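Results of the structural survey
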Amino acid sequence: RITLSYHRASTGTWQGGAQPSAPPQVGVLLDPRLAMDAEGNALLVWAQEDMANPSQWIRRVWASRYDKVADRWELPQILSPRDGTDAFSHTVVASGDGRVAVAWVGIEPAGPDEAVFMRHSSLRAGAEWSLRERMDTPADHVATVRGFALAVAPAAAVGDRPQIVVAWGKGF
């Protein structure tokens, strides 16, 4: 499980022990990331080992929204595909008005190349996520290591509507 501590500006104190709803499957939770809008709504994103086939090291990118008005976390959702793609090296960003973007690196089952994917949404309770979009193309992979094209450490920014920018490194 992921545990959160938060600062109450009204009292100047930290409170801890908050735990968003756990995903419905068991597995190691890795690399929690948070983004927050100007109203105090938040998005928690993490990678989680997929235990459906423990002989493979497959991770999924999960997300859970925090609604400040309701003071609750929504049930977690999987953002990365369930097709055997290994998803990792995720990042999350929010704009002041509540638009969010999540980017990650994924290795699809059909090929060894790493690719960069992104989905975007809003921090409004129950808002739908965009379809997964691939940010790079196989032609972008000019650097290879042992025959594998590498995408490294994506970063994202959300600007004025509808601007979202995703950047990443290519190989070593």
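Numbering of residues begins from 1 in every chain and follows the order in which that chain's sequence is written. Residues qualify for local features only when their pLDDT is at least 70, as the model is predicted, and side-chain atom pairs are given and counted only at 80 or more; totals for whole chains, interfaces and linings, by contrast, use all residues. With hydrogens and water excluded, all non-hydrogen atoms of the structure serve as input to the side-chain values.

1. Some points on the sheet that holds strand 8 (residues 86–94)
Spelled out, the test is: Strand pairing is assigned whenever DSSP detects at least two bridges linking the two strands. Runs of H or I in DSSP of at least four residues are treated as helices and runs of E of at least two as strands, each being numbered from the N terminus.
Spatially, the four strands line up as an open sheet ordered 8-9-10-11, and their pairing is antiparallel. The open sheet has two edge strands with one neighbour each: strand 8 and strand 11 (133–134). In this sheet, strand 9 (residues 99–107) lies alongside strand 8 in antiparallel orientation, the contact comprising seven bridges. Paired with Asp86 across the bridge in strand 9 is Ile107.

2. A few points about the pattern of salt bridges
Under the convention used in this document: One speaks of a salt bridge when a side-chain nitrogen belonging to Lys or Arg is within 4 Å of a carboxyl oxygen belonging to Asp or Glu. The classification of residues rests on relative accessible area computed with a 1.4 Å probe and restricted to protein chains. Under 20% of the type maximum is buried, over 50% is exposed, and intermediate values are partly exposed.
For the structure shown, the criterion picks out three salt bridges. Notably, a salt bridge pairs Asp86 with Arg59, separated by 2.6 Å at the nearest N-O pair. Of this pair, Asp86 sits in strand 8 while Arg59 sits in strand 5 (residues 59–67), placing them 27 residues apart in sequence. The exposure classification of Asp86 matches that of Arg59, with both residues buried. Arg65 is the partner of Glu74 in a salt bridge, and the nearest nitrogen-oxygen pair spans 3.4 Å. There is no split in this pair, since Glu74 and Arg65 are both buried.

3. As for the layout of surface pockets
So the rule is basically this: Points on a 1 Å grid over protein atoms alone make up a cavity when a 1.4 Å probe fits among them but cannot get out, and a pocket when they form an open set with protein on both sides within 12 Å along at least five of seven lines; lining residues each have an atom within 4 Å of a point. Grid points are joined across faces, edges and corners, and a volume is the space filled by probe spheres set on the points. Polarity classes work like this: nonpolar for Ala, Val, Leu, Ile, Met, Phe, Trp, Tyr, Cys and Pro, charged for Asp, Glu, Lys and Arg, and polar for all others, with Gly in that last group.
Size it by volume and the largest pocket reaches roughly 490 Å³. The wall of the largest pocket is formed by 18 residues, among which Tyr6, Met36, Gly40, Tyr66 and Trp73 lie closest to the centre. Elements with a contribution of two residues or more to the lining of the largest pocket: strand 1 (4–8), strand 3 (29–36) and strand 6 (72–73). Top contributing element to the lining of the largest pocket by residue count: strand 1, with five residues. Looking at the lining of the largest pocket residue by residue, the classes come out as 10 nonpolar, four polar and four charged.

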